[in-house]
Amino acid sequence: MLDSDANQKRENTDPLGFASFGGLDRLDWLMIVVSVLLGTVAKQHHVLDLPDWFLEWVSPFLLMVFGYKARRKITEVVQSRRDRGKGSPEE
């Protein structure tokens, strides 16, 4: 017979191996990569004549903070809509 724990572990494994890096999901990794890429492009093009240290470190950090806040807000809105849908009596 198949072990249910083994099946669940197999289903939860990430084929790309992202789970081995602190439990970050794919959206987390996407936000990190986009932030770093935008910081790199901004540095190469000297956006707003800001110093390189700002464009390398501060702007990607601020983008990550904005991304996590936006993700949390979206999750709250989706959850509240789900809760409203479950709370209505079916006829």
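Given the structure is predicted, the values throughout are model-derived calculations rather than measurements. (Residues numbered from 1 in each chain as written. Predicted model: local features only at pLDDT ≥ 70, side-chain atom pairs only at ≥ 80, totals over all residues. Heavy atoms only, no water.)

### Brief notes about the side chain of Ser35
(1) Moving on: Along the chain, Ser35 falls in helix H2 (residues 26-44).
(2) Moving on: Each residue touching Ser35, except ones within four places of it in the same chain, is listed here: Pro60, Leu63 and Met64. (Helix = DSSP H or I, 4+ residues; strand = E, 2+ residues; numbered from the N terminus. Contact = heavy atoms within 4.5 Å.)

### Concerning helix H3 (residues 52-87)
(1) Moving on: Over its 36 residues, H3 runs 52 Å from end to end, which matches the ideal 52 Å to within 8%, given 1.5 Å per residue.
(2) Moving on: A bend of about 30° at Val58 is the largest found in H3, and the proline Pro60 appears one to four places after it.
(3) Moving on: Among the residues of H3, Leu55, Ser59, Pro60, Met64 and Gly67 are the ones counted as buried.
(4) Moving on: Check the buried side of H3 and you find it contacts H2. (Expected span 1.5 Å × (residues − 1). Bend = angle between axes of the 7 residues up to and from the residue. Buried < 20%, exposed > 50% of the residue type's maximum accessible area, 1.4 Å probe, protein only.)

### Focus: the confidence of the model for the chain
(1) Moving on: Across the chain, the average pLDDT comes to 78, with 73% of residues at or above 70.
(2) Moving on: Considering each helix and strand of the chain separately, the mean pLDDT is smallest for helix H1 (residues 4-12), with a value of 54, and largest for H3, with 88. (pLDDT = per-residue confidence, 0-100.)

### Quick look at the pattern of salt bridges
(1) Moving on: Scanning the model with the defined rule gives 3 salt bridges in all.
(2) Moving on: Here Lys43 and Glu56 are joined by a salt bridge, their closest N and O atoms 2.4 Å apart. You can see Lys43 sitting in helix H2 and its partner Glu56 sitting in helix H3, a full 13 residues away along the chain.
(3) Moving on: Each of Asp25, Asp28 and Arg71 takes part in one network of salt bridges that share partners. (Salt bridge = Lys/Arg side-chain N within 4 Å of Asp/Glu carboxyl O.)

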